[in-house]
Amino acid sequence: MMLSADIIYWSATLAQGMLLLAMVFAAYRLIKGPRAQDRVMAIDTIYNIGILQALVLAIKTGNALYLPFILILAILGFVSTVALAKFLMRGEVIE
């Protein structure tokens, strides 16, 4: 008979493995991407997968100390993606 803690542990471990596989595919797109836009999207995807890895780790360990760190990473990721997109469209970030 499996306890609910065992189910959460093994589900989180499986999720981390799938996220790692997704990160490998995004890294391939980062290296192989024919255009700069593909590389920016790959960096954004890797960044988001990293945030999800940290979130799954917080769920797996039951430690809530990861959550403010995850929130800060999400905000920084959004701002950096907007800056990179603006740079690719106009060639400058600050007007």
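Residue numbers restart at each chain and count upward from 1, following the sequence in its written direction. At least 70 in pLDDT is required for a residue's local features to be given in this predicted model, at least 80 for side-chain atom pairs to be given and counted, and no such filter applies to totals for whole chains, interfaces and linings, which use all residues. Computation of side-chain values covers all heavy atoms of the structure but excludes hydrogens and water.

### A closer look at helix H3 (residues 66–90)
Over its 25 residues, H3 runs 36 Å from end to end, which matches the ideal 36 Å to within 8%, given 1.5 Å per residue. Each residue gets one of three labels from its accessible area relative to the maximum for its type: buried under 20%, exposed over 50%, partly exposed in between, using a 1.4 Å probe on protein chains only. Secondary structure elements are taken from DSSP: a helix is a run of H or I of four residues or more, a strand is a run of E of two residues or more, and numbering for both begins at the N terminus. Burial in H3 covers these residues: Ile70, Gly77 and Thr81. Among the structural elements, helix H2 (36–61) are those in contact with the buried residues of H3. At the C-terminal side of H3, Gly91 shows a positive phi close to 85°. One fewer than the residue count of a helix, multiplied by 1.5 Å, yields its expected span. Contact criterion: two residues are considered in contact whenever any of their non-hydrogen atoms come within 4.5 Å of each other.

### Remarks on the UniProt feature "transmembrane region" (unreviewed entry) in the chain
Those residues carrying the UniProt feature "transmembrane region" (unreviewed entry) are residues 7–28, 40–59 and 65–89 in this numbering. Annotation note: span residues 7–28, helix share 100%, strand share 0%, distance between end C-alpha atoms 32 Å. For residues 65–89, the helix share is 96%, the strand share is 0%, and the end-to-end C-alpha distance is 38 Å. UniProt positions are given in the numbering used here, feature names are shortened, and annotations may be inferred rather than shown by experiment.

### So, the packing of aromatic side chains
The pairing test for Phe, Tyr and Trp rings, Trp by its six-membered ring, is centres within 6.5 Å, and the orientation test on the planes gives stacked under 30 degrees, edge-to-face over 60, and tilted for anything in between. Tallying each qualifying case throughout the model produces one aromatic pair. For the ring pair Tyr9 and Trp10, a centre distance of 5.1 Å and an interplane angle of 85° mean the geometry is edge-to-face. What makes Tyr9 partly exposed here is its relative accessible area of 38%. You can call Trp10 exposed: its relative accessible area is 54%.

### Here's the deal with the packing of H2 against H3
Where H2 meets H3, the closest approach of the two axes is 10 Å, and the angle between their N-to-C directions is 175°. In terms of axis orientation, H2 runs roughly antiparallel to H3. Along the contact surface, H2 presents Ala36, Gln37, Val40, Asp44, Tyr47, Ile51, Ala54, Leu55, Leu57, Ala58 and Thr61, while H3 presents Tyr66, Leu67, Ile70, Leu73, Ala74, Leu76, Gly77, Thr81, Leu84 and Leu88. Polar here means any residue other than Ala, Val, Leu, Ile, Met, Phe, Trp, Tyr, Cys and Pro, which are nonpolar, and Asp, Glu, Lys and Arg, which are charged; Gly is therefore polar. Grouping the amino acids of the contact of H2 with H3 by side-chain chemistry returns 16 nonpolar, four polar and one charged. Only the stretch in contact is used when a helix axis is fitted, and all axes are lines through C-alpha atoms; the angle between N-to-C directions ranges over 0 to 180 degrees. To sort the angles, those under 35 degrees are grouped as roughly parallel, those over 145 as roughly antiparallel, those from 65 to 115 as roughly perpendicular, and the leftovers as oblique.

### What about the packing of helix H1 (residues 4–32) against H2?
One way to put it is that H1 packs onto H2 with a least axis distance of 9 Å and a crossing angle of 165°. When the axis of H1 is compared with that of H2, the two are roughly antiparallel. For the pair H1 and H2, the sense of crossing is left-handed. Crossings are assigned a handedness: left-handed for a near helix turned anticlockwise from the far helix by less than a right angle, right-handed for a clockwise turn.

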